[in-house]
Amino acid sequence: MTQETQLSQIYLDANATTPVLERAADAALMTMKTMFGNPSSSHITGLQAKQLMEQTRQKSRTVLGSGNGRVIFTSGATEGIQTGILSALCAAKKQMKPKQQYTLLYGATEHKAVPESLKHWNKILEINAEVKAIPVDGHGRLDQDFIAKEVPNALMICTMAVNNETGVYQDLAELETVIRTNHATVFWMVDCVQALGKRKLNLAQTTIDYAPFSGHKLYAPKGIGFVYIRDNAPLTPFIAGGGQESGLRSGTENLPGLAALNVIFDELLKEGNSEFVDVETLRQYRNQLAKTLKQAFPTIVFNNQFTNSVPTTLNFAIPGFSSKEIMDLFDAANIRVSSGSACSSKVTRSFVLDAMGLPAWQSESAIRMSFGPATTQAEIDAACERIGHCAQALGHSCLMQASNEISNKESLDGLVQFKIGGACCWLFADKQSKVAIIIDPLPELVERLKTILECQQLTLLAVLDTHGHADHESSRVAFSLAATASDHLGWPPQTETIEYNGQQLASLSFGRYQLALLPTPGHTADSVSYILLEQLPAKLVIKYVFCGDLILMGALGRTNFTTSSNDAMYNSIQALAEVITEETLLCPSHDYNNEFTTTLSAEMSRNSILNQVIQGELSATEFAKAKRLIDADINDETGTEIMCGAAVCGKDTFTLQEYTATELETQIANNQNLLLIDIREPHEYALNHNRAFDQNVPLTRLTDFVGKHSHNKAQPLVLVCRSGSRSQAAAQALARLGFNNIGHLKGGYALI
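Calculation rules
- Residues numbered from 1 in each chain as written.
- Predicted model: local features only at pLDDT ≥ 70, side-chain atom pairs only at ≥ 80, totals over all residues.
- Heavy atoms only, no water.
- Helix = DSSP H or I, 4+ residues; strand = E, 2+ residues; numbered from the N terminus.
- Rg over C-alpha atoms; globule rule 2.2 N^0.38 Å.
- Areas by Shrake-Rupley, 256 points an atom, 1.4 Å probe, with all protein chains shown as cover.
- Lys, Arg positive; Asp, Glu negative; His and termini not counted.
- Charge placed at Lys NZ, Arg CZ, Asp CG, Glu CD.
- Pairing = 2+ DSSP bridges.
- Axes fitted to C-alpha atoms, helices over the stretch in contact; angles between N-to-C directions.
- Salt bridge = Lys/Arg side-chain N within 4 Å of Asp/Glu carboxyl O.
- Buried < 20%, exposed > 50% of the residue type's maximum accessible area, 1.4 Å probe, protein only.
- Parallel < 35°, antiparallel > 145°, perpendicular 65-115°, else oblique.
- Left-handed = near helix turned anticlockwise from the far one by under 90°.
- Contact = heavy atoms within 4.5 Å.
- Nonpolar A, V, L, I, M, F, W, Y, C, P; charged D, E, K, R; others polar.
- Core = buried A, V, L, I, M, F, W, Y, C linked by side-chain atoms within 4.5 Å.

Enquirer: Go over the overall build of the protein chain with me, naming the residues and quoting the values.
Expert: Each helix and strand in the protein chain was counted, giving 21 helices and 30 strands. A globule of 752 residues ought to have a C-alpha radius of gyration of about 27 Å, and the protein chain, at 30 Å, matches this closely. Principal-axis analysis of the C-alpha atoms places the extent of the protein chain at approximately 95 × 65 × 50 Å. Accessible surface, the protein chain: about 31,800 Å² in total, of which carbon and sulfur atoms supply 49%. Across the protein chain, the mean location of the 61 positive side-chain charges is 7 Å away from that of the 77 negative side-chain charges.

Enquirer: Go over the sheet that holds strand 12 (residues 367–370) with me, naming the residues and quoting the values.
Expert: Within the open sheet, the three strands sit side by side as 9-10-12. Their pairing is antiparallel. The sheet is open, and its two edges are formed by strand 9 (301–302) and strand 12, each paired on a single side. One ladder, built from two bridges, connects strand 9 with strand 10 (residues 313–317); its direction is antiparallel. Its bridge partner lying in strand 10, Val 301 is registered against Ala 317.

Enquirer: Describe the sheet that holds strand 19 (residues 513–519), listing the residues and the values that go with them.
Expert: Strand order across the open sheet formed by six strands is 17-18-19-20-21-24, with mixed pairing between neighbours. Only two strands of the sheet have a single neighbouring strand rather than two, namely strand 17 (496–500) and strand 24 (585–588). Averaged over all pairs of adjacent strands, the angle between their axes in this sheet comes to 35°, without regard to strand direction.

Enquirer: Account for the pattern of salt bridges, with residues named and values stated.
Expert: Using the criterion set out here, one finds 34 salt bridges in the structure. For Glu 54, the salt bridge identified is with Arg 57, shortest N-O distance 3.0 Å. Highlighted residues: Glu 54 and Arg 57, both in helix 2 (residues 44–64), separated by three residues, approximately one helical turn. Looking at Glu 54, the relative accessible area reads 33%, which means it is partly exposed. As a salt-bridge pair, Glu 684 and Arg 726 come within 2.9 Å of each other at their nearest N and O atoms. One end of the pair, Glu 684, is in helix 19 (residues 682–687); the other, Arg 726, is in helix 21 (residues 725–736), and 42 residues separate them in sequence. In the salt-bridge network here, residues are joined through shared partners; they are Lys 324, Asp 328, Asp 331, Arg 336, Glu 684, Arg 722 and Arg 726.

Enquirer: How would you sum up the packing of helix 3 (residues 77–95) against helix 4 (residues 113–124)? Please name residues and give values.
Expert: Orientation of helix 3 relative to helix 4, taken along the N-to-C sense of each, is 40°, at an axis distance of 10 Å. In terms of orientation, helix 3 and helix 4 fall into the oblique class. Crossing geometry of helix 3 relative to helix 4 is assigned as right-handed. Where helix 3 abuts helix 4, its residues Thr 78, Ile 81, Gln 82, Ile 85, Leu 86 and Leu 89 lie against Ala 113, Val 114, Ser 117, Leu 118, Trp 121 and Asn 122. Taken together, the residues of the contact of helix 3 with helix 4 break down into eight nonpolar, four polar and no charged.

Enquirer: Would you mind going over the nonpolar core in detail, with residue names and values included?
Expert: In this structure, Leu 64, Ile 147, Ile 157, Phe 213 and Phe 226 are the most contacted members of the largest nonpolar core, which totals 59 residues. Take this core: its biggest share by element is eight residues, from helix 7 (residues 255–269). Filtering out sequence-adjacent residues up to four positions away, Leu 64 remains in contact with Val 71, Leu 196, Leu 201, Asn 202, Leu 203, Phe 213, Phe 226 and Tyr 228. Counting residues in each nonpolar core, the second largest holds 55 residues, with Ile 318, Cys 390, Ile 452 and Val 463 among its members.

Limitation: the analysis is restricted to geometry and does not speak to function.
And the structure:
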């Protein structure tokens, strides 16, 4: 399975981890081969190992300016954090006075390892202090007034030298003054993981008690780290056992890791000819990347101020794009970036940016681009060129205005589904008539939709809501339509009337299509459904039904709003079922489980209440009673997304054929009818794809694909995406709709 284009990897996620420096890797390997002794052994091989360990320790002391402080080797920063917190709290507990309330302070933007460890040991040691977050301002700086007020009652305070998401550094001298002026003896730990090699450290000249470090954040292997402990600061061993590290940290030492770390310290201590560039060069790299990003994405917003952050980290957001979309785009171009802390990669928002008080969209759209001091000018140049290609791919897909005319842009024809959280927006474009309609527009998508319409040179016929939404404001007014009257949902008064299945329906016509209106109250009093019909030579046929929050995947629209009616919903379900078939594709306003679209048949098979209503086996009174019980389980917590669907049943899970790359090679060779589909977005596909997957059906067009291929559900299909998660979701959705010969490439392109 050969890639159409072989793009070299450009790694810009150094804050997550770094590649091991070649000389460091060689040193580690050589140590495993020739200097494999146990430093605790008294024979020559052991003594040689111990010499290497102590040599590395001495270099670390010079790098850190540790003076008489101790440096203990650990498995990494998390162990160092445990060591510092456990030592401080064990000592602090002995000094506690009865009936006095104490606090444990940490910066609100700290790595999660710090507050979680504070809470853990606070509970285990039965200290029961209040764990408090120190607020930060919009630039990420700790609130010194808060510290001055709270630290007198604190047992410990934890801050960080450099933030791992934004690169923001704290003025440790200022913090020290505030802390020691208000509490001279409080235990103070500073997370220095991201400071090594980027900020000057002279720890012995400070009153910092504990400072953890990690090797793999600066070109050493994973599994090696160290912690600085100030002279006379208390130390309780976190790991007991054989008494290694003078009894302060038991466990046989990681000698290969120490050998690699030894090389890293050499590079940090070199006056010249180091593989690590100086800070001024790093600033030039950052400026070059920032300039390129601004040119590629003119509306970009940087979430960190360059004036108070290390030059190796850029944190930005691009209006109209989620962090996942930009990550997928960059990944397709073989540029590795992050949406935040790699230790919490499944989180969709940045708690760091939230703590800084930045707008929610910036937190949800944040991208972190980071590099290290071993980065070269050639790598930065290559990254800048590749970033330009990413912008061009977005322009080709009409997701961003291109700087020049794009002659080979993809023409849009059919249905597109956009999602923000669980809310759906639908765009239907008729390539022939160059007309488009938008159903349930979302505020976050206004600029993107406008860009698509302009790029595709589409005339917008109507922007319609299926009802007044509880979870967002309608953005219909943001679109410049002809000055014609319409109702509050956008439906114009001047329409034609068509007859379909014995029903007289108001309709808008464009090209060979009719968009008909069917009132379907229940979820709200103003709820309607829009039925898109296509004129074929012999008859009108339904393509899609935009049913709002009447029938959702695995759910029915909730009916406990002030304008809701269970009786009306009961009648609306029956009315809709009389007009459409059981296989008509339903396009609701919400999709909470990534199931994309559905049919009456698919829902009736798992939703007994819906099935009974349509089959006439449940009266309106019985339906209302059952519905009240379902709605009672809806939990509308403050600050969370309002759920517009009341779940009736769980998400179905189907057994899929999951292929490895080797298994798929065999399947391709033995099955000529196999249809291979890349389900990434067009801009990702354009940047880089496998030749075997010659059809691109992005998730935004999956419903359109279902509509066009529902006549051949036995066609063997194999889906692929970047990591396997999107292809699995799409395959599950297709299987639920009756596509019975479907599989996906496990692990996606990442494992090819």
